[in-house]
Amino acid sequence: MRHSICSLLISIETIQVIFTKLNNSINLSIMHMHRIVALFIGVLVVIVAACSPQIKDHGNTVDMKSLANIKLGRTEQSEVLDLLGSPSSYANFGEDQWYYISQRIKSQAFYKPKTIERRIVCINFESSGLVKSVKVLNLNDGKKITPLRDETPTAGQNITLLKQLIGNIGRFSPDE
């Protein structure tokens, strides 16, 4: 009888050890699952953030309130410079014109960037240096230009390098 009680106690202790190990194993599995879920959520957040669109401003953005302070025939070039800053570009020929060019570009992941807003402020000056006109252009005012794929023909013959070399034999005399 004593032997059966000892064996029963050993069996109970063995079962407790097995349950304790099993419980620890389950706890470790749950901990690992929490880590895996946290890692998955982190990767998912990074992927979603990488796919969100990025908006970038380029150029010389003109403050419209400052532009409203420019009076035709009364504002001088130096005042325009103080109000709006340096222009993006000047007219190369003809009249004295200043251009303030800015645009907003949206880019997302691997897609081609897209211009979503463009503003060009053209300021013409009289010969006296006073503002003659102010014109604001936007993206809709632009015109799409499709370049031609044609090639410009060149003068001369279409001959290969070998023909050129053979053609030069005997052309030059040793007196030259």
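Calculation rules
- Residues numbered from 1 in each chain as written.
- Predicted model: local features only at pLDDT ≥ 70, side-chain atom pairs only at ≥ 80, totals over all residues.
- Heavy atoms only, no water.
- Helix = DSSP H or I, 4+ residues; strand = E, 2+ residues; numbered from the N terminus.
- Buried < 20%, exposed > 50% of the residue type's maximum accessible area, 1.4 Å probe, protein only.
- Contact = heavy atoms within 4.5 Å.
- Patch = residues over 30% accessible without salt bridge, like charges linked within 9 Å, V, L, I, M, F, W, Y side chains within 5 Å.
- Areas by Shrake-Rupley, 256 points an atom, 1.4 Å probe, with all protein chains shown as cover.
- Salt bridge = Lys/Arg side-chain N within 4 Å of Asp/Glu carboxyl O.
- Phe/Tyr/Trp six-rings, centres within 6.5 Å; stacked < 30°, edge-to-face > 60°.
- Core = buried A, V, L, I, M, F, W, Y, C linked by side-chain atoms within 4.5 Å.
- Pairing = 2+ DSSP bridges.
- pLDDT = per-residue confidence, 0-100.

Q: What is the right way to look at the overall build of the protein chain in this model?
A: Check the secondary structure of the protein chain and you find 4 helices and 5 strands. Here the protein chain holds 176 residues, and 12% of them are scored as buried. Across the protein chain, the fraction of contacts at a sequence separation of at least 24, relative to all contacts at a separation of at least 6, is 46%.

Q: How do you make sense of a nonpolar patch on the surface when you look at a structure like this?
A: A surface patch of nonpolar side chains, amounting to about 580 Å² of accessible area, comprises Val-37, Phe-40, Ile-41, Leu-44, Val-45 and Val-48. Along the chain, Val-45 falls in helix H1 (residues 2–51).

Q: Quick question: what am I supposed to make of the packing of aromatic side chains here?
A: Here a ring pair, both rings aromatic, is described through the centre-centre distance and the interplanar angle of the planes. Scanning the entire structure with this criterion turns up 2 aromatic pairs. Judged by centre distance (5.9 Å) and plane angle (85°), the ring pair of Tyr-90 and Trp-98 falls under edge-to-face. Judged by its relative accessible area of 46%, Tyr-90 is partly exposed. Relative to Phe-125, the ring of Trp-98 has its centre 4.8 Å away and its plane inclined at 65°; by these criteria the two rings are edge-to-face.

Q: Even after reading the chapter, I still don't get the nonpolar core, so can you show me in this structure?
A: Nonpolar side chains in soluble globular proteins generally cluster together in the buried interior. Core analysis: the biggest nonpolar cluster contains 11 residues, these being Val-62, Leu-67, Ile-70, Val-80, Leu-84, Trp-98, Tyr-100, Val-121, Ile-123, Phe-125 and Val-131. Counting residues per element, the ones that place at least two in this core are helix H3 (77–84), strand E3 (96–107) and strand E4 (114–125). Here the element with the most residues in this core is E4; it accounts for 3 residues. Here Leu-67 is in contact with Val-62, Leu-84, Val-121, Val-134 and Val-136, once residues within four sequence places are set aside.

Q: Looking at this structure, I do not really get the pairing of E4. What am I missing?
A: Within a regular strand, the side chains alternate between the two sheet faces. In the sheet, E3 pairs with E4 via 11 bridges, with the strands oriented antiparallel. When the bridges of E4 are listed, Gln-103 appears paired with Arg-118. As consecutive antiparallel partners, E3 and E4 are separated by 6 residues, and within that stretch Ala-109 has a phi angle of approximately 45°, a positive value.

Q: Looking at this structure, how should I read the confidence of the model for the protein chain?
A: Detailed conclusions should not be drawn from predicted coordinates in areas where pLDDT is low. Here the protein chain averages 79 in pLDDT, while 78% of its residues score no lower than 70. Mean pLDDT values over the elements of the protein chain span from 65, in H1, up to 93, in strand E5 (residues 131–138). Here residues 1–6 is modelled with pLDDT under 50, and outside its nearest four sequence neighbours on either side it reaches 0 contacts, counting other chains as well.

Q: Explain the pattern of salt bridges here, please?
A: Under the defined criterion, the tally for this structure stands at 3 salt bridges. Glu-117 is paired through a salt bridge with Arg-104; the nearest N and O atoms lie 3.9 Å apart. Placement of Glu-117 in strand E4 and of Arg-104 in strand E3 is noted, with a sequence separation of 13 residues between them. For Arg-104, a relative accessible area of 31% gives the class partly exposed. The partner of Glu-117 in a salt bridge is Arg-119, and the shortest N-O contact between them spans 3.7 Å. Connected via shared salt-bridge partners are Asp-57, Arg-104, Glu-117 and Arg-119.

Q: Please clarify how the environment of Phe-125 should be interpreted in this entry.
A: Residue placement: Phe-125 occurs in strand E4. Phe-125 sits in the buried class, given a relative accessible area of 3%. Placed 49 residues apart in sequence, Phe-125 and Glu-76 show a C-alpha to C-alpha distance of 8.3 Å. Not counting the four nearest positions on each side in its chain, Phe-125 is found in contact with Gln-77, Val-80, Asp-96, Trp-98, Leu-130, Val-131 and Lys-132.

Q: Please explain the pairing of E3 as it appears in this structure.
A: Note that strand E1 (residues 54–59) and E3 share 6 bridges and pair antiparallel. Among the inter-strand pairings, Gly-59 is bridged to a residue of E3, identified as Ser-102. As consecutive antiparallel partners, strand E2 (residues 89–90) and E3 are separated by 5 residues, and within that stretch Gly-94 has a phi angle of approximately 75°, a positive value.

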